[in-house]
Amino acid sequence: MREPVELRRQRILAVVRSRGAVKVSVLAAELDVSVVTVRRDVEELARAGRLRRGHGVARPVVRAVEEVTVPAARAEEPGRDGGPVALVVPERHSYLYEAAYGARPVLEEAGMRIALHIAPQAPGAERPLVEAALAAGARGLLIAPRWRGAVSEAADYGWLSEVAVPTVLMERRPRPGSALHALDSVCSDHWYGTYLAVDHLVALGHRRIVLAARDDSPTARSVRHAFAEIAAARPEVEDWSVVLSSPDAVPGPEDDEAGLGGAPRDRTPLDLAALLAERRATAAVLHGDVDALMLVQRLTEQGVRVPRDCSVVAYDDVVAALGSTPLTAVSPPKAEVGRAAAELLLHRLARPLGAAGPVRRIELLPTLKVRGSTQPPASPPTPGED
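Cut-offs used in this document
- Residues numbered from 1 in each chain as written.
- Predicted model: local features only at pLDDT ≥ 70, side-chain atom pairs only at ≥ 80, totals over all residues.
- Heavy atoms only, no water.
- Pairing = 2+ DSSP bridges.
- Helix = DSSP H or I, 4+ residues; strand = E, 2+ residues; numbered from the N terminus.
- Contact = heavy atoms within 4.5 Å.
- Axes fitted to C-alpha atoms, helices over the stretch in contact; angles between N-to-C directions.
- Core = buried A, V, L, I, M, F, W, Y, C linked by side-chain atoms within 4.5 Å.
- Buried < 20%, exposed > 50% of the residue type's maximum accessible area, 1.4 Å probe, protein only.
- Phe/Tyr/Trp six-rings, centres within 6.5 Å; stacked < 30°, edge-to-face > 60°.

Participant: I'd like a rundown of the sheet that holds strand 1 (residues 22-23), residues and numbers included.
Facilitator: Pairing is antiparallel across the open sheet formed by 3 strands, whose spatial order is 1-3-2. The sheet is open, and its two borders are formed by strand 1 and strand 2 (51-53), each paired with just one other strand. Pairing between strand 2 and strand 3 (residues 57-60): 3 bridges, direction antiparallel. Bridge pairing links arginine 52 to arginine 59 in strand 3. Across the sheet, helix 3 (residues 35-47) is in contact with strand 2 and strand 3; its angle to strand 2 comes to roughly 120°.

Participant: Please provide a residue-by-residue account of the nonpolar core, values included.
Facilitator: Counting residues in hydrophobic clusters, the biggest one holds 27 residues, and the most contacted among them are Leu87, Val89, Leu107, Leu142, Val168, Met170 and Val186. In contact with leucine 87, other than residues within four places in its own chain, are Ala100, Ile114, Ala115, Leu116, His117, Leu142 and Met170. Core analysis: the next-biggest nonpolar cluster, separate from the first, contains 25 residues, Ala281, Leu293, Ala314 and Val319 among them.

Participant: Let's hear about the environment of glycine 102: which residues, and what values?
Facilitator: Within the fold, glycine 102 resides in helix 6 (residues 94-109). A relative accessible area of 2% means that glycine 102 is categorised as buried. For the pair glycine 102 and alanine 335, spaced 233 residues apart in the sequence, the C-alpha separation amounts to 4.2 Å. Contact partners of glycine 102, with chain neighbours within four places excluded, come to Ala335, Gly338 and Arg339.

Participant: Describe the packing of aromatic side chains, with residues and values.
Facilitator: Applying the stated rule across the entire model yields 4 aromatic pairs. Summarising the aromatic geometry, the rings of tryptophan 191 and tyrosine 195 are spaced 5.8 Å apart at their centres and angled 5° between planes, so their arrangement reads as stacked. Separated by 4 residues within a single helix, tryptophan 191 and tyrosine 195 lie in helix 9 (residues 190-204), roughly one turn from each other. Among the residues examined, tryptophan 191 registers a relative accessible area of 39% and is labelled partly exposed. An angle of 25° between the planes, with centres 6.2 Å apart, marks the rings of tyrosine 192 and tyrosine 195 as stacked. Residue tyrosine 192 and its partner tyrosine 195 are both found in helix 9; the two are separated by 3 residues, about one turn of the helix. Tyrosine 192 sits in the partly exposed class, given a relative accessible area of 27%.

Shown next as structure tokens:
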């Protein structure tokens, strides 16, 4: 999914501020967008006074000019004379881009510069970014590691627990007893979000429900575990199952793809229509949004009508509303997670040196956005009807 325009421009600013003059063609290659797009972004940023534009080059504004334009009241705010806050999120992860977007105004209001770092889709990609940020003088860290599987997650515990600046995890909850168990964190309560999806479908009268979900992120694994627990505990649910929404939605080769000792996963694309017919299911919960929209498209191609033949609830609500049938969706408070994480980091930075204080673990509740993809199940035809 294409990242938000404002976030892309923040990335441009981060590169220009860290390197000095940068060619527009180089920025376009690194951001994986056209030169025309970057040129337009640079023009807008230059017009706003956030950088300077030369012939095919973007340059940082002069530091002295920036300091003159800062109001005197802000110059005395905490953090004004310190280094930036490093913000590390995974590449091409629109869910966490929104969390980063929520953190930005909180930190800027406190007079702190943000240094945004985008971690590529490779094992261990976050560590060198964090080390470089610390070497450049970062005074705090907000981070959402990719953690596609158990092995890659555990590999980050050691070095991340030893980061020498205040750190807050976003949308990540380390395993109990791990080296990161006592690290500040802000998460969505995905158990509650899954409960909202199941409860909505059960209230409509659905009794046979399928979860088709990813398995390559902490959020995905939380949704899968929560669904199994909730569906098994609801006496109204007569049948339920959990399947993989996409054959590539599993941990990478650095992780145990057998699921910590289980049987290897089937990489065959999901035939959701056949599964619904086999289980006689009338409803499905689909994680995440892109997989949900693609699965609904396939259902339509196979003659399964949403919501008449199958009600659908998506999980993430990044683009769920944009489908030809807008999807009812569980909406984690993405921007609010970033905002709360930034406020928690400011709380840490405001404490006297050496005064650690209690660790804080914040959970925010998702909401359910009801749209056009859910309705009560159709009554079975009576004998003699077509």
